[in-house]
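Structure assessment
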There are 2 protein chains.
Amino acid sequence: MPALSKREQIVTEALKLFYRNGFHATGIDRIISEAKVSKKTLYNHFRSKDELVLATLRKRDELFRNYIMRETELRSRTPRERLLAIFDVIEAWFQESSFSGCMFINASAEFSESDHPCHILCAEHKRLVREYLRDLAVQAEAQAPEELSKQLNLLIEGATVEAHVCGDHDAASPAKRIAEMLLNQAF
Amino acid sequence: MPALSKREQIVTEALKLFYRNGFHATGIDRIISEAKVSKKTLYNHFRSKDELVLATLRKRDELFRNYIMRETELRSRTPRERLLAIFDVIEAWFQESSFSGCMFINASAEFSESDHPCHILCAEHKRLVREYLRDLAVQAEAQAPEELSKQLNLLIEGATVEAHVCGDHDAASPAKRIAEMLLNQAF
DNA sequence: GCCAAGGGAAACCGATCGGTATATCTTTTT
DNA sequence: AAAAAGATATACCGATCGGTTTCCCTTGGC
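These figures come from a predicted structure and were not determined experimentally.

Quick notes on the overall build of chain A
Broken down by element type, chain A carries 9 helices and 0 strands. Helices and strands in chain A line up, N terminus first, as α-α-α-α-α-α-α-α-α. When the backbone C-alpha atoms are referred to their principal axes, chain A occupies close to 60 × 35 × 30 Å. The buried share among the 187 residues of chain A stands at 53%. Carbon and sulfur atoms make up 49% of the accessible area of chain A, which amounts to about 8600 Å² in all.

Considering the nonpolar core
Of all hydrophobic cores here, the largest spans 127 residues; its most connected members are A:Leu57, A:Ile90, B:Leu57 and B:Ile90. Among all residues touching A:Ile90, those that are not within four sequence positions of it are A:Ile68, A:Ile156, A:Ala159 and A:Ala172.

Observations concerning the protein's contact with DNA strand D
Taken together, 16 residues sit near DNA strand D, with A:Thr41, B:Ile28, B:Lys39, B:Tyr43 and B:Lys49 positioned nearest. Here DNA strand D approaches the protein such that, of its atoms within 4 Å, sugar and phosphate make up 57%. A:Lys6 places a side-chain nitrogen or oxygen 3.2 Å from a phosphate oxygen of DNA strand D. In this structure, A:Thr41 approaches DNA strand D through a side-chain N or O atom, which is 2.8 Å from a phosphate oxygen. The set of elements that each furnish at least two residues to the surface near DNA strand D consists of helix 3 (39-45) of chain A together with helix 2 (28-35) and helix 3 (39-45) of chain B. The residue makeup of the surface near DNA strand D, split by class, is 3 nonpolar, 6 polar and 7 charged.

Brief notes about the packing of aromatic side chains
Residues and elements named next belong to chain A. Counted by the stated rule, this structure contains 12 aromatic pairs over all chains. Geometrically, the ring pair formed by Phe94 and Phe99 is tilted, given 5.2 Å between the ring centres and 50° between the ring planes. Taking relative accessible area as the criterion, Phe94 reaches 0% and is therefore assigned buried. The exposure class of Phe99 is buried, given its relative accessible area of 12%. Among the aromatic side chains, those forming a connected cluster through ring pairs are Phe64, Trp93, Phe94 and Phe99. It is Arg60 that lies over the ring of Tyr19; its NZ or CZ is 4.6 Å from the centre.

Overview of the relation of the copies chain A and chain B
With an RMSD of 0.0 Å, the operation that places chain A on chain B is a rotation of 180° combined with a shift of 0.0 Å along the axis. Such a combination of turn and shift is consistent with a two-fold rotation axis. Measuring from the rotation axis to each C-alpha of chain A, the shortest distance belongs to A:Gly158, at 1.9 Å. A shared binding surface is used by both copies, with 100% of the interface residues of chain A retained as interface residues in chain B.

Comments concerning the protein's contact with DNA strand C
The environment of DNA strand C is made up of 16 residues, and the closest members are A:Ile28, A:Lys39, A:Lys49, B:Lys6 and B:Thr41. When atoms of DNA strand C within 4 Å of the protein are split into backbone and base, the sugar-phosphate part holds 58%. Taking A:Lys39, its side chain carries an N or O atom lying 2.5 Å from a base oxygen of DNA strand C. Between B:Asn44 and DNA strand C, the recorded distance is 3.2 Å, taken from a side-chain N or O atom to a phosphate oxygen. Listed by contribution, the elements that provide at least two residues to the surface near DNA strand C are helix 2 (28-35) and helix 3 of chain A together with helix 3 of chain B. Residues that form the surface near DNA strand C fall into these classes: 3 nonpolar, 6 polar and 7 charged.

Let's talk about helix 5 (residues 79-94) of chain A
All names here are of chain A. In this model helix 5 runs 23 Å from its N-terminal to its C-terminal C-alpha over 16 residues, within 8% of the 22 Å that 1.5 Å per residue would give. Its axis deflected by about 30° at Ala85, helix 5 carries its strongest bend there. Inspection of helix 5 places Arg82, Leu83, Ala85, Ile86, Phe87, Val89, Ile90, Glu91, Trp93 and Phe94 among the buried residues, and these make up the whole buried set. Its buried side turned inward, helix 5 meets helix 1 (6-21), helix 4 (49-75), helix 7 (117-139), helix 8 (145-165) and helix 9 (172-185).

A few points about the environment of B:Glu34
Residues and elements named next belong to chain B. Mapped onto the elements, Glu34 comes out in helix 2. Judged by relative accessible area, Glu34 falls into the partly exposed class, the value being 31%. Residues Glu34 and Ala55, 21 residues apart in the sequence, show an inter-C-alpha distance of 17 Å. Not counting residues within four places of it along the chain, the set of residues in contact with Glu34 comprises Glu13 and Leu17.

Some points on the interface of chain A and chain B
Contact with chain A, which involves 38 residues of that partner, is made by 39 residues of chain B. Between chain A and chain B the total buried area reaches about 3300 Å² when both faces are included, carbon and sulfur atoms providing 65% of it. Its largest share of buried area at the contact with chain B, chain A owes to A:Leu154, A:Val165 and A:Met181, together 19% of the area lost on that side. One can count 4 salt bridges joining chain A with chain B. A salt bridge links A:Glu147 to B:Arg177, with the shortest nitrogen-to-oxygen separation between them at 2.7 Å. One can count 12 residue pairs in polar contact (both at pLDDT 80 or more) joining chain A with chain B. Elements that contribute at least two residues to the side of chain A that touches chain B include exactly helix 1, helix 6 (103-110), helix 7, helix 8 and helix 9 of chain A. Examining the composition of the side of chain A that touches chain B, we find that 13 residues originate from one element, helix 8 of chain A, more than from any other. Among the residues making up the side of chain A that touches chain B, the classes are represented as 17 nonpolar, 12 polar and 9 charged.

Reading the values: rules and limits
Residues numbered from 1 in each chain as written. Chains lettered and ligands numbered in written order. Predicted model: local features only at pLDDT ≥ 70, side-chain atom pairs only at ≥ 80, totals over all residues. Heavy atoms only, no water. Helix = DSSP H or I, 4+ residues; strand = E, 2+ residues; numbered from the N terminus. Buried < 20%, exposed > 50% of the residue type's maximum accessible area, 1.4 Å probe, protein only. Areas by Shrake-Rupley, 256 points an atom, 1.4 Å probe, with all protein chains shown as cover. Core = buried A, V, L, I, M, F, W, Y, C linked by side-chain atoms within 4.5 Å. Contact = heavy atoms within 4.5 Å. Near = heavy atom within 4 Å. Polar contact = N/O pair within 3.5 Å; in protein donor to acceptor, adjacent residues only side chain to side chain. Nonpolar A, V, L, I, M, F, W, Y, C, P; charged D, E, K, R; others polar. Phe/Tyr/Trp six-rings, centres within 6.5 Å; stacked < 30°, edge-to-face > 60°. Lys NZ or Arg CZ within 6 Å of the ring centre and 35° of its normal. Least-squares fit on C-alpha atoms with pLDDT ≥ 70 in both. Expected span 1.5 Å × (residues − 1). Bend = angle between axes of the 7 residues up to and from the residue. Buried area = accessible area lost by both parts, 1.4 Å probe. Salt bridge = Lys/Arg side-chain N within 4 Å of Asp/Glu carboxyl O.

Below is the structure:
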């Protein structure tokens, strides 16, 4: 029983490559080379490249949301504090050297038809993040938790895009200032 | 003298295909087929696919910023009104059947290295849009025009991402509501 | 009429794409 | 020990990639 199963090796390496270089620009040969796995093994675990892409996106969803929730809950205690702390978490994310934007925004750009399985999965990821925000807003007893979570989510998306496209790693600060204002009015 | 020069034919058609299907996913053969132009003609006008991509991005920057400014100024008169009207303009944009997100966000996803010419051009486009916002904020005599324009820009980016990834064509509304709040506090 | 220029169609280039097949070797199970 | 399963490297497949070249035809200027 290896520390990492072949499947996990492949997904882990594909995740890195897809995130850094894009989906269409990353070839199967490159993936098996970096993952140190034969092509047959890859196609033994995944029926097609598309399925591998979906698997990496599912993995990323799991890793990323866990990261956000864990870090947020580590930095603050009350739900209301957490709604603000998220902006500190994404700021730290922006400053990672491997930061290359939101993988789901990137994937939606490459798989732009709204009914493509990858695009659907991206929308689902965004829904789950917003759901987390809404839960926090409900716990914090905000007046309009649904609207508040939508607005905070907008700020997060905007900051993420700004950080990636313009290389502005402090893009979370103005977003956080708006969030403070929103929170002051939401109770 | 043709109505559209060969060069314009190529750029126009490449723009449509790159925007709809992505850059790496769109091949040269497809472009010349749709543009009804021979491959030799294309490579007579552009040294490489990368140069064609850059040319389409420059064209898009010109078309898009003109569209935003024209529509914004058509819908409102005072600078302050215009800072709000922009959100109506992007809402109309989201509802176009050909809407496929912000082409520069999409391009940044595919050309993610920050020093890639395409990525640089995307950052430049975003800078020019933000500059327009800042000019309006200055004209409107906002207290902190730089900060205000940054914040409004965040909202626009966030709404655009939300509209594309989640197919939420009303994503501009919550953004506009926040913008109204920001404007009420900025004077 | 002549001639250069530009464009068109299509062959061609080496490389790479996603994906399959084969044949050998190692590991695990029984 | 034997058999089954899984992994390996490698060759191969047809298609497509970005890009070049060849040949022919049209067009406009003189």
